[in-house]
Amino acid sequence: MTNSTIPTTSQSREACNECGKSVAFGSGWYVNRVPDGNPFDERVEMGKPFPHGEFICAECEEGFNQLSEQHS
Ligand SMILES: [Zn+2]
């Protein structure tokens, strides 16, 4: 077993699809990351800036919550 198959580029799927930062284990954002249930194609259609990311970080998630509170 080696670590050679783990992607080391910014295209890792363990990233926030809103801000693009890594949410992989050890990044500091691993614990509070939220999985994005949408498939890749859907995220592209939604205009996500980093559609390869399968998660939303705690920081962006918090931003969404604040937005919805303002509009309700
Ligand atoms: Zn983010």
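Residues numbered from 1 in each chain as written. Predicted model: local features only at pLDDT ≥ 70, side-chain atom pairs only at ≥ 80, totals over all residues.

Caption draft 1: View of the overall build of the protein chain. Across its full length, the protein chain carries two helices and two strands. Element order for the protein chain, N to C, with α for helix and β for strand: β-α-β-α. Buried positions account for 15% of the 72 residues belonging to the protein chain. Excluding contacts between residues fewer than 6 apart, the proportion of contacts in the protein chain whose partners are at least 24 apart in sequence is 59%. (Helix = DSSP H or I, 4+ residues; strand = E, 2+ residues; numbered from the N terminus. Buried ≥ 20, exposed ≤ 12 C-beta atoms within 10 Å, placed from the backbone. Contact = placed C-beta atoms within 7 Å.)

Caption draft 2: Fine view of the nonpolar core. Counting residues in each nonpolar core, the largest one holds seven residues, listed as Ala15, Cys16, Val23, Trp29, Phe55, Ile56 and Cys57. Leave out the neighbours within four places in its chain, and cysteine 57 touches Cys16, Cys19, Lys21, Val23, Trp29 and Arg33. (Core = buried A, V, L, I, M, F, W, Y, C linked by C-beta atoms within 7 Å.)

Caption draft 3: Structural context of the environment of arginine 43. Along the chain, arginine 43 turns up in helix α1 (residues 40-45). For arginine 43, a count of 18 C-beta atoms within 10 Å puts it in the partly exposed group. In contact with arginine 43, not counting residues within four places along its chain, are Asn17, Asp36, Asn38, Lys48 and Pro51.

Caption draft 4: How the structure looks around the environment of asparagine 38. By secondary structure assignment, the location of asparagine 38 is in the loop between β1 (34-35) and α1. For asparagine 38 and phenylalanine 55, which are 17 residues apart along the polypeptide, the C-alpha to C-alpha distance reads 9.7 Å. Setting aside anything within four residues of it in sequence, one finds asparagine 38 in contact with Arg43 and Met46.

Caption draft 5: A look at the environment of alanine 24. If you trace the backbone, alanine 24 turns up in the segment before β1. For the pair alanine 24 and phenylalanine 55, spaced 31 residues apart in sequence, the C-alpha separation works out to 9.7 Å. Those residues in contact with alanine 24 that sit more than four places away from it in its chain are Ser12, Glu14 and Tyr30.

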